[in-house]
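One-letter residues, chain by chain:
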Amino acid sequence: MSFIKSSPVTHIIIALVFLVSGLTVNLLQLLFFIVLWPLHKELFRKINYYFSYIIYSELVFLSDWWAGVQYYFYVDKDDYNNYFGKEHAIFIINHKYEIDWLTAWVVNDRIGGILGMLLYAEGTRFTKEKQEASIKFARTKGLPELKEHLLPRTKGFSIGLPHFRHNLPAVYNVQIAFRREEKPSLRALLNGQRLEAHVYIERIPIEQVPENDKECDKWMYELYEKKDKMMVSFFNTGDWFKESGVKPLEKFVPPLRYYSLINIILWSILILVPFFYFTFNVLISGNLLHILMLMVPLGLLYVILSKLMSVSEIGKTSSEYGTDKKKTK
């Protein structure tokens, strides 16, 4: 089974389903925007929610069902039962891994939502070079020196909060970690590598977030000090709580949702049945030109897929955080 999941042929088939289904949904979104948006904006937003879920859930499928990533949640059970998936909220998430965005989608899907309003306050993913720049800046400003995070950029949050505070009952402090020896990436998921994700979620009522900008900045820095202590504890002991001083919570495995699986099955039937029928007829025809016209686009699709996975790798991102590069005119 691992050979099948890591096969380039399998990857091409998955990419084909993602590409065709994505383009189809995008065309439907455009059609509904042209026809429905001028007449009923709210109805368009509701319909577009489901269109968006169709696309995003295919990537959730990649984590949940294809790679079978094991998710462990650490949450207050009362908050989980009373609030999770039932309210609007901002998720403040650490930004350490290549697939943080996808892990966040899975977390939202598991608690009954789709994409939350996500905030990566660090602004970019963690690397050793960026951490050194973060520590250097923290020392000049008398701010916390973080070991497993970058210093958060607070302005966007503190400036934006007054405009949506009335619609947000809570902020969720979300901390995601994989075992240190694991290298979570899109490539690993596509190859079916089984990972283990540990997710700490703390619900913070919006009333506990200061309204004053400076106090809000201070609150964010203190939150990241807590997040950093938890990450250090996890990497040292395999436990969020042993060395962090944070109140321990029992872990549990959130139930899988079948929507992403059903979605990919339906798309696969719609796309792959006619594709295999067409491919079979081309191959048995023996027409070299037709075979090349089939194989070349598939080869290009595989090259594009490989390029996209490569671009998402931390070492190949374009962020200049922590570098000495200066913008020139």
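Here's a quick rundown of the structure. If you're wondering where the values come from, they're calculated on a predicted model, not measured in any experiment.

Rules used in this analysis
- Residues numbered from 1 in each chain as written.
- Predicted model: local features only at pLDDT ≥ 70, side-chain atom pairs only at ≥ 80, totals over all residues.
- Heavy atoms only, no water.
- Salt bridge = Lys/Arg side-chain N within 4 Å of Asp/Glu carboxyl O.
- Helix = DSSP H or I, 4+ residues; strand = E, 2+ residues; numbered from the N terminus.
- Buried < 20%, exposed > 50% of the residue type's maximum accessible area, 1.4 Å probe, protein only.
- Pairing = 2+ DSSP bridges.
- Phe/Tyr/Trp six-rings, centres within 6.5 Å; stacked < 30°, edge-to-face > 60°.

A separate point is the pattern of salt bridges. Counted under the stated rule, the structure contains 12 salt bridges. Linking Arg180 and Glu148 is a salt bridge whose minimum nitrogen-to-oxygen distance equals 3.6 Å. Note that Arg180 is positioned in the loop between strand E4 (170-178) and helix H8 (186-190) and Glu148 in the loop between helix H6 (128-141) and helix H7 (155-164), a separation of 32 residues in sequence. Glu148 gets classed as buried once you look at its relative accessible area, which sits at 13%. The shortest N-O distance in the salt bridge between Glu222 and Lys218 comes to 2.6 Å. With Glu222 and Lys218 both in helix H9 (residues 213-237), this residue pair falls four residues apart, about one helical turn. Using a relative accessible area of 44% as the deciding quantity, one classes Lys218 as partly exposed. Residues participating in the shared-partner salt-bridge network are Lys96, Glu148 and Arg180.

Summarising burial for strand E1 (residues 70-74): four of the five residues are buried, a large majority. When E1 meets strand E5 (residues 196-205), the two strands line up parallel, connected through five bridges. Along E5, the bridge assignment pairs Tyr72 with His198. Both E1 and strand E6 (residues 251-252) contribute to a ladder of two bridges, which runs antiparallel. Each residue of the ladder has a partner; that of Phe73, found in E6, is Phe252.

Turning our eyes to something else, we now look at the packing of aromatic side chains. Enumeration over the complete set of coordinates arrives at 21 aromatic pairs. Ring centres of Phe73 and Phe252 lie 6.1 Å apart, and the angle between their planes is 75°; on these two criteria the pair is classed as edge-to-face. Taken together, the residues Phe73 in strand E1 and Phe252 in strand E6 connect sequence positions 179 residues apart. Phe252 matches Phe73 in its accessibility class, with the two residues each being buried. Centroid distance Phe234 to Phe235: 6.1 Å. Interplanar angle 65°. Geometry classified as edge-to-face. Its relative accessible area of 5% is what places Phe234 among the buried residues. With relative accessibility at 15%, the residue Phe235 sits in the buried group.

Keep in mind these values describe shape, not function.
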